Every structure is written in structure tokens, then in C-alpha cells.
Amino acid sequence: MTDPRKEVPAVSVAVVRGATVLLVKRALPPSQGLFAFPGGKVEAGERLEQAARRELFEETGLSAQNFRPLETIFIAGAAEGHPVDYRLTVFGADHAGGEAQAADDAETAAFYTLAEMAALPLADSVFTIATELLAPRENAVD
């Protein structure tokens, strides 16, 4: 009988600014080299939204507003040789000002349109979630 793998809570945040969404290029596993929403592990005693706010600031120097959970995704860490699995809660949020600066384990940080994202190597579910967030904005009439 094998021991069940440990499941670690994690968060990411899709920050929307106009018709763009914030992505970081991940410098470390999991998803190293892929573009994803900024995020990471939830620390002991931290609420999910607190962790999302902290990770966003640590990786990009940005703050956001109107945080809302969008979906929860199971990520099997074994696929990348990770000793644990992740239960990732993805938040949506609205940009509150400032320009993104890559820090912590983010190699780059910038806002992208859906067309720009289509040409990038993306982590699973990123394009689908971004499309759901941006489609109403791209189709809006000013």
C-alpha cells in the first residue's frame, strides 16, 4: 500500500487591467518556464485571500482590489517530480494601480491581451480563465 501524497493549499490571482491580465513567467517548479498567474503556497494560519494578496505583492509589487475566488484546481506534483500535490484556488481581482515588477520566484511580470497570450507557453487553465475574465471587456462598447 502506498502512502497518500500530501496536498498543499496554494493560490494564484488573475489581475485584470482593462482588456489585459497579469501573468508572470515562473522561474521555479512547478510550471517552471511557463506563464501563469502570480501565486504560491498558503502559509500556516493564512486565509486564502490573504495568501493571494501576499503572493501578488511578493511576485509583482502590485496590489489589487475586488478579490473573488474563480475556481479550484488540483495539480499533481508528481508530473514534475514534486513531492506534494497542490490544491490551487484561483482568484480574480482588479488592478489597483502601479506597474508590475518581477520579484521572488517570478522571472517576468507583465499584462497581456488574449491575442498576446495565445503565443505564450501557458500553464494549464490560464488561457481559459483569462478568456472568461476578459471576453466581456473585449466585447464591451464604450
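Scope of this entry: the structure provided in the associated data block. As a convention, each chain's residues are numbered from 1 in the sequence order in which they are written. In keeping with the predicted nature of the model, local features appear solely for residues at pLDDT of at least 70, side-chain atom pairs appear and are counted solely at 80 or more, and the whole-chain, interface and lining totals rest on all residues. Working from all heavy atoms in the structure, the side-chain values ignore hydrogens and water.

## Notes on the pairing of strand β6 (residues 85–95)
Cut-off, in case you're wondering: We call a residue buried when its accessible area falls under 20% of the maximum for its residue type, exposed when it is over 50%, and partly exposed in between, using a 1.4 Å probe and counting protein chains only. Under the DSSP-based scheme used, a helix requires at least four consecutive residues in state H or I and a strand at least two consecutive residues in state E, with every element numbered from the N terminus. Two strands are said to pair when DSSP picks up at least two bridges between them.
With respect to burial, β6 is a largely interior element, ten of its eleven residues being buried. Two elements, strand β1 (residues 7–17) and β6, share ten bridges in a ladder whose sense is parallel. Note that in β6 the partner of A14 across the bridge is G92. As paired strands, strand β5 (residues 64–75) and β6 are joined by nine bridges and run antiparallel to one another. When the sheet's bridge partners are listed, E71 is paired in β6 with V90.

## Details of the packing of aromatic side chains
Stated formally: In this analysis, rings of Phe, Tyr and Trp, with Trp reduced to its six-membered ring, are considered paired at centre separations within 6.5 Å, and the interplanar angle assigns stacked below 30 degrees, edge-to-face beyond 60, and tilted for intermediate values. Only when the NZ of Lys or the CZ of Arg is both within 6 Å of the ring centre and within 35 degrees of the ring normal is a charge said to sit over the ring.
Overall, the coordinates contain two aromatic pairs when judged by the stated rule. Where F35 meets Y112, the ring centres are 5.9 Å apart and the plane angle is 80°; that geometry is what we call edge-to-face. One end of the pair, F35, is in strand β3 (residues 35–36); the other, Y112, is in strand β7 (residues 106–112), with 77 residues separating them in the sequence. Taking relative accessible area as the criterion, F35 reaches 8% and is therefore assigned buried. Taking the relative accessible area as the measure of exposure, Y112 reaches 15% and is therefore buried. Taking NZ or CZ as reference, R17 lies 4.0 Å from the ring centre of F111, over its face.

## Considerations on the pattern of salt bridges
Basically, it comes down to this: We define a salt bridge as a side-chain nitrogen of Lys or Arg found within 4 Å of a carboxyl oxygen belonging to Asp or Glu.
In the structure shown here, the tally under the stated rule is ten salt bridges. A salt bridge links D85 to R5, with the shortest nitrogen-to-oxygen separation between them at 2.9 Å. Within this pair, whereas D85 is found in strand β6, its partner R5 is found in the segment before β1, the two being separated by 80 residues in sequence. Relative accessible area serves as the criterion here: at 8%, D85 is assigned to the buried category. By relative accessible area, R5 is classed as partly exposed at 36%. The salt bridge involving R54 is made with E46; its shortest N-O contact spans 2.6 Å. Since its relative accessible area comes to 18%, E46 is described here as buried. Overlapping salt bridges, with partners in common, bring together E43, E46, R54, E55 and E58 in one network.

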